[in-house]
Each structure stands twice: as structure tokens, then as C-alpha cells.
Amino acid sequence: VPSPAGEIPLPADLAALRETAVGVLRANDLGDITRPSPTLYPHQWLWDSCFIAIGLRHLDPARAAAELLSLLRGQWPGGMIPHVIFAETTDYYHAGPQRWRCDRVCTTAGGVQSTGVTQPPMIAEAAVRVGEAMTRDERVDFYRRLAPGLIRFHEWLYRERDPDDSGLVALVHSWESGMDNTPTWMEMTKPVAPRTVRALRRINGDDALDALRRDSKEVPPDERLTSADLFTLYRIVRELRRSRYDFRTIRDTFVPLVQDVAFNAILIRANEHLVTIADEAGIPIPRWLSRSMRRSRAAMSELWSDGLYFSRDFRTGELLHHPTIASFLPLYAGVVPDDQVDGLVKTLLSPRYWARYGIASVPTDDPAFLPRCYWQGPVWVNMNWLIADGLDRYGRREAADAIRANTVEVIRASGSMFEYYSPLDGSGAGSNRFSWTSALLIDILA
Ligand code: 2M8
């Protein structure tokens, strides 16, 4: 394994850790896509591929570019890039093509099977990072291939998901947020639990439901969302399917609609990068899209309340006052007014969030906090990466470096590339040999 940047060699233990990370990425490489992990996630996920490309650029920029370009194979005629593009594999995944049946709705650009929802639009960020590792000619060539599809994706986000020109796009499923069981979303979805779920729970408690789920054989169920929540998420997929994944139809159903703060923050940052990419590729951004981009930056302030940023219920316009890691992503977007930065950073670095082993995805004193349960408390390496980047933007170099050092430390202490880690004792949880943990570790060590 070459030492990063070819400069000061890493200490032996970190060099070995990096080698483990490189090995995980190689083992999860399926050609020009990388699966998030060999066990739980055998397909291509949108934002996973972006984080993966950010790490791969240090090993092989062309391969990193291929990872991003391959996302365009899944693009829908209207411009959506789906959250999962299904690989040709017989490996089991609990929300596979049969749950979505998207081939009845449309054919994707590359004729591949996909889901009918999207995921945080990290592509432009990843593309710019990959571009930095290329020569100018390579980069322009890469951007020319990526830009038309990427612009169409951003257009789709606004046209389809911000029909009232509020500046904030609405999500139709917690899987679009990437934070499956984050309390903000679970509070919105609980009321739409299927009747059978409520009935089974009444008769048998959770046991009957647990026996029916098939997603978590590799991982202890208490590290994932509850069976009731999982079946509720399936019910929402069924309703989306019936609505043919069309927002104007979905709007009239029971499906919870959320202007997710993290997703919109990532979109705002991606818009900035999209302008860079389009410029270099020599492809113009439509005027109306530029207007929407500006509107988004301004709209973020509407999500500020009591010293934090919150997601908003699209239908009622009410803020969803549940503090989570998502509350800090506006730093990454670069839209936090100067007089709010100090307070926000102070909250982030307080022991409620920054526990011994890193930033908890739900504050440690929150009734919903569970240290090893998925998006309900654990430390996530991608969140650390995004927040550290946001802190850099605001000149908080020391805090940003501390988060990165802490990220390396928690991975080193466990010795493995886990999906997430307990903020209390640093133990790894979820899937092991997880791609974005590996890729972002490589990036942080570079
Ligand atoms: C998790 O989500 C998938 C559904 O998309 C699942 O639970 O099966 C989330 O952690 C998500 O953010 C991530 O992209 C995906 C693959 O790593 O797994």
C-alpha cells in the first residue's frame, strides 16, 4: 500500500489500519461499483458511492470517477438518481427490486433496476474531490460526462420536491434522509404503522413481528430499527409504489413528508459544487435552477430555533424539534450566520453530543438515545467527516482536527471498519467491513 501523498510515512499502526481499509474497499469492489458491505448491503447506494469515491481518489482517481459515473446508469427519465441501484447478485437484501417494482413505472438510463426514492445528493461534492486528484484534462473530461446528468438530478430535486418554490426539498421516506431510524423521522412515521403491526403487537408483543423480519440476520436486532418501525417503512414504500413515485400524487396520501435539514444542507453545498463542475465542463446551469439554489440558502434560516436547526413537516410547516446530528449540517452547507456559529459549535462540543468516543447521532441524554442502535445514537464516520468539513469552513480548525483525530481513534481502537460505533465505549456495531468507514478513514489519513 503506497503511503498517502507520498510524504511523511504513517506510524506503523495507522499504516496497518489504512491497509485494512484498502482491503475492505477492494473486497467490496464489484467492478465499477462498490457495495457498502459484504453482508447487509449487496447493491450500490447513492451516498455510499460518493463517500467511497472520496476515499478511492487517493488510490485510483479513474476508478473513483467510475464509481460516480455509474450512478447515472440508474437515472430516471425525469432526472431522479435513485437511492439504490440493484446489482446483479443473488445476495439477499430486504428491500430489493420486488418491493419497489420500479420497472413498471419507467426504464432507467442504463436499464438497471432501482428503488423509487433518492438519497442525500453528495455526488457534486465527491466529484469535486475526485477532480482534485486528476490532471486538468482528465477532470474536464470527467466533468463533461457527469455534468448533464447531475444538472438534471438537481433540476429534478427542485421541480419534483419543491413544487411550491419554498427553497427546501421534501423527502417522502426516511431512507431518503439516509438516517433510517433517526427519532425525527420515526416520530413522523409511527402514526402510519400498518394495522396488522398494531394488531400483532397487541396480541404477541414484538415477538411475532421479530419473527417476520428478514433484514437483520447478520446483526443483532437491537442494533437496527424495531420490527414495528421496519414494517412501517415497508408500508410507506407500498404507498409510494401505488403513487407511481410521483410527488403530486404522494402529497395526497398519508405518507409523511419532511423537509429534512441534513438533506437540504447537503443539497446547498452540492449546488455550489455543481456550479464549479458545470463551469469547467462548459455547460450552462439553467437560470431557474440558479434561482432555486439561491432560495435554498435563504430558506435554511427558517429551520433555526432555540440554538439548533431542525427538519420541518412539509404539510404543516411545523419544525420537528428533535435534536439530532442533522441539526449541525448547516455548518457543512456554509449558511450559518456568524452570530449563530459560536453557540452551535459549543452545543456540538458539549458532552451531550461529544461523548467519550465521538459525536453521538442523538444526544446522550435524549430519551431516544441508544448507543449501539443505528441512527439512534452511534457515531457515524460520514457524519464526522461532514461536520469536520463544516467546522473548517468556519475557521474552527482545532475542533475539526479533533473530530478527525477522534474518528481515527475510534476505528483504531476497534481495529475494524464498522458501520457505526458506540459513543460511550467505542465498540463497533452494525455491519463490519463497511465501505464508507474505510474510504473516509483513507481520506482523513491522507
Ligand atoms: C442504511 O439504509 C438502508 C436503506 O437505504 C437499509 O437500512 O437497508 C442507511 O444507513 C443508509 O444511510 C445507507 O446508505 C445504507 C447503506 O449503507 O444503509
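Refer to the structure printed above.
All of the points below concern the structure found in this document. No experiment lies behind these values; they were computed from the predicted model shown.

Quick notes on helix α2 (residues 46-56)
A large share of α2 lies buried, amounting to 11 of its 11 residues. When we look at burial in α2, the residues that qualify are Leu46, Trp47, Asp48, Ser49, Cys50, Phe51, Ile52, Ala53, Ile54, Gly55 and Leu56.

Some words on the pattern of salt bridges
Per the counting criterion, the structure on display carries 30 salt bridges. The shortest N-O distance in the salt bridge between Asp392 and Arg404 comes to 2.9 Å. You can see Asp392 sitting in helix α17 (residues 381-393) and its partner Arg404 sitting in helix α18 (residues 397-414), a full 12 residues away along the chain. A relative accessible area of 30% places Asp392 in the partly exposed class. Across the pair Arg412 and Glu409 runs a salt bridge, and its minimum N-O distance is 2.8 Å. Here Arg412 pairs with Glu409, and both are found in helix α18, just three residues apart, close to one helical turn. Under the relative-accessibility criterion, Arg412 is labelled partly exposed at 34%.

Description of the environment of Arg161
In this fold, Arg161 is placed in helix α6 (residues 136-161). Linking Arg161 and Leu171, residues 10 residues apart in sequence, is a C-alpha distance of 7.3 Å. When residues no more than four places from it in sequence are discounted, the contact partners of Arg161 are Trp156, Leu168, Val169, Ala170, Leu171, Val172, Glu176 and Phe247. Polar contacts involving the side chain of Arg161 include one to the side chain of Glu176, which spans 2.9 Å.

Section: the side chain of Ser422
Here Ser422 shows up in the loop between β9 (420-421) and β10 (428-429). Residue Ser422 is classed as buried on the basis of its relative accessible area of 2%. Of note is the side chain of Ser422, whose polar atom sits 3.0 Å from the backbone nitrogen of Leu424. In this structure the side chain of Ser422 is engaged in a polar contact, spanning 3.1 Å, whose partner is the side chain of Asp425. Residue contacts for Ser422: discarding those within four places in its chain leaves Tyr357, Pro371, Arg372, Val379 and Ser427.

Examining empty space enclosed by the protein
With the rule as written, the count across this model stands at one cavity of 30 Å³ or more. Considering only enclosed or pocket space, the largest cavity measures out at about 60 Å³ in volume. Along the walls of the largest cavity sit Thr182, Thr184, Asp260, Val261, Tyr309, Phe310, Ser311, His322, Thr324, Ala326 and Ser327, which together make up its complete lining. Taken together, the residues of the lining of the largest cavity break down into four nonpolar, six polar and one charged.

Considerations on the site of the ligand
As a matter of local geometry, the ligand sits amid 17 residues, with Asp48, Tyr93, Gly178, Asp180 and Tyr374 nearest to it. Contacts to the ligand include Asp180, whose side-chain N or O atom sits 2.5 Å from an oxygen atom. In isolation the ligand exposes 410 Å². Once the protein is present, 98% of that is buried. The cavity that encloses the ligand is the largest pocket.

A short note on the layout of surface pockets
Rolled over the atoms, a probe as big as a water molecule pinpoints where empty space is left. By volume, the largest pocket is sized at about 440 Å³. Leu40, Tyr41, Tyr93, His94 and Arg224 are, among the 29 residues lining the largest pocket, the residues nearest its centre. Considering only residue class, the lining of the largest pocket consists of 15 nonpolar, five polar and nine charged. Space inside the second largest pocket adds up to approximately 250 Å³. Together, Arg57, His58, Arg129, Trp385, Asp389, Asp392, Arg397, Asp401, Arg404, Asp443, Ile444 and Ala446 line the second largest pocket. Secondary-structure elements contributing two or more residues to the lining of the second largest pocket are α17, α18 and α19 (435-445). Here the residues of the lining of the second largest pocket sort into three nonpolar, one polar and eight charged.

Some points on unusual backbone geometry
Its identity is not glycine, yet Arg244 carries a phi of approximately 55 degrees, on the positive side. Structurally, the position occupied by Arg244 is in the loop between α11 (227-242) and α12 (247-250). Exposure remark for Arg244: the relative accessible area of 48% places this residue in the partly exposed category. The backbone of Tyr374 shows a phi angle near 55 degrees, a positive value even though the residue is not glycine. In this structure, Tyr374 sits in the loop between β8 (358-359) and α17. Owing to a relative accessible area of 6%, Tyr374 belongs among the buried residues under this scheme.

With respect to the packing of aromatic side chains
According to the stated counting rule, one finds 25 aromatic pairs in the structure shown. Summarising the aromatic geometry, the rings of Tyr374 and Tyr420 are spaced 5.7 Å apart at their centres and angled 55 degrees between planes, so their arrangement reads as tilted. Placement of the pair is Tyr374 in the loop between β8 and α17 and Tyr420 in strand β9, with a sequence separation of 46 residues. In this structure, Tyr374 and Tyr420 share a single accessibility class: buried. Geometrically, the ring pair formed by Trp380 and Trp436 is tilted, given 5.8 Å between the ring centres and 50 degrees between the ring planes. Remark: Trp436 occurs in helix α19 and Trp380 occurs in the loop between β8 and α17; sequence separation between them is 56 residues. Each member of the pair, Trp380 together with Trp436, is buried. These aromatic residues form a ring-pair network of at least three members: Tyr41, Trp45, Trp47, Phe51, Tyr93, Tyr374, Trp375, Trp380, Trp385, Tyr420, Phe434 and Trp436. Over the ring of Tyr234 we find Arg99, and its NZ or CZ is 3.4 Å from the ring centre. Note that Arg235 overlies the ring of Phe254, its terminal NZ or CZ placed 4.0 Å from the centroid.

How each quantity is defined
Residues numbered from 1 in each chain as written. Predicted model: local features only at pLDDT ≥ 70, side-chain atom pairs only at ≥ 80, totals over all residues. Heavy atoms only, no water. Buried < 20%, exposed > 50% of the residue type's maximum accessible area, 1.4 Å probe, protein only. Helix = DSSP H or I, 4+ residues; strand = E, 2+ residues; numbered from the N terminus. Salt bridge = Lys/Arg side-chain N within 4 Å of Asp/Glu carboxyl O. Contact = heavy atoms within 4.5 Å. Polar contact = N/O pair within 3.5 Å; in protein donor to acceptor, adjacent residues only side chain to side chain. 1 Å grid on protein atoms, 1.4 Å probe; cavity = no way out; pocket = protein on both sides within 12 Å on 5 of 7 lines; lining within 4 Å. Points joined across faces, edges and corners; volume = space filled by probe spheres on them. Nonpolar A, V, L, I, M, F, W, Y, C, P; charged D, E, K, R; others polar. Near = heavy atom within 4 Å. Areas by Shrake-Rupley, 256 points an atom, 1.4 Å probe, with all protein chains shown as cover. Sits in = over half its atoms within 2 Å of the grid points. Phe/Tyr/Trp six-rings, centres within 6.5 Å; stacked < 30°, edge-to-face > 60°. Lys NZ or Arg CZ within 6 Å of the ring centre and 35° of its normal.

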